[in-house]
Amino acid sequence: MIKFFKAKGTLFFILGILGFIGIVATVIVLATGHSAPDKLMAMYIAMFGLIPILLLLGIDRICVWKFGVAKVNKAEQYIFSILILLFVLNWIRLQLQS
């Protein structure tokens, strides 16, 4: 398993798997609750949380198949670094606003 992640693992693939596990755990906890709103919340989290992650994983695997792991990792690192930069700039903007 570790050999697979080293050979074929990309940034979004690993984050997608971790997100998938987190959402499944949350859905299981909410679905085994006693109230109807908890079960309804579990359905909504499953629909609106799992579908984007599964799409991301599918697109990631298609790109790895077509372009290779090294090129996809490089592109994903650029995307991830831009998202972190935008997050930091937004945090700075919010700190200066108040």
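See the structure printed just above.
Quick look at the structure, then. (Residues numbered from 1 in each chain as written. Predicted model: local features only at pLDDT ≥ 70, side-chain atom pairs only at ≥ 80, totals over all residues. Heavy atoms only, no water.)

In total, this model carries one aromatic pair according to the counting rule given. Both rings, one in Tyr44 and one in Phe48, keep their centres 6.1 Å apart while their planes meet at 10°; by these two values the pair is stacked. Linking Tyr44 with Phe48, this pair stays in helix α3 (residues 36–67), spanning four residues, or about one helical turn. Among the residues examined, Tyr44 registers a relative accessible area of 41% and is labelled partly exposed. With relative accessibility at 62%, the residue Phe48 sits in the exposed group. (Phe/Tyr/Trp six-rings, centres within 6.5 Å; stacked < 30°, edge-to-face > 60°. Helix = DSSP H or I, 4+ residues; strand = E, 2+ residues; numbered from the N terminus. Buried < 20%, exposed > 50% of the residue type's maximum accessible area, 1.4 Å probe, protein only.)

This part covers the packing of α3 against helix α4 (residues 69–97). Where α3 meets α4, the closest approach of the two axes is 7 Å, and the angle between their N-to-C directions is 130°. Comparing the axis directions of α3 and α4 gives the class oblique. Between α3 and α4, the contacting residues are Asp60, Cys63, Val64 and Phe67 on the first element and Val69, Lys71, Val72 and Glu76 on the second. When its residues are assigned to classes, the contact of α3 with α4 shows five nonpolar, no polar and three charged. (Axes fitted to C-alpha atoms, helices over the stretch in contact; angles between N-to-C directions. Parallel < 35°, antiparallel > 145°, perpendicular 65-115°, else oblique. Contact = heavy atoms within 4.5 Å. Nonpolar A, V, L, I, M, F, W, Y, C, P; charged D, E, K, R; others polar.)

General note: in soluble globular proteins, nonpolar side chains tend to be found buried as a group. Among the nonpolar cores identified, the biggest contains eight residues, and these are Phe13, Ile23, Val27, Leu30, Ala42, Leu50, Ile53 and Leu57. Leaving out residues up to four positions away in the same chain, Val27 has contacts with Ala42, Ile45 and Ala46. (Core = buried A, V, L, I, M, F, W, Y, C linked by side-chain atoms within 4.5 Å.)

With that settled, consider the pattern of salt bridges. Counting across every chain of the model gives one salt bridge. Taking the shortest distance from any N to any O, the salt bridge between Arg61 and Asp60 comes out at 3.0 Å. On the basis of relative accessible area, Asp60 is assigned to the buried category, the value being 3%. (Salt bridge = Lys/Arg side-chain N within 4 Å of Asp/Glu carboxyl O.)

A separate point is the environment of Arg61. Tracing the backbone through its elements, the reader meets Arg61 in helix α3. Judged by relative accessible area, Arg61 falls into the partly exposed class, the value being 24%. Between the alpha carbons of Arg61 and Leu18 there is a distance of 16 Å; along the sequence they are 43 residues apart. Sequence-distant contacts of Arg61, that is, excluding residues within four places in its chain, are made with Phe4, Lys8, Thr10 and Phe13.

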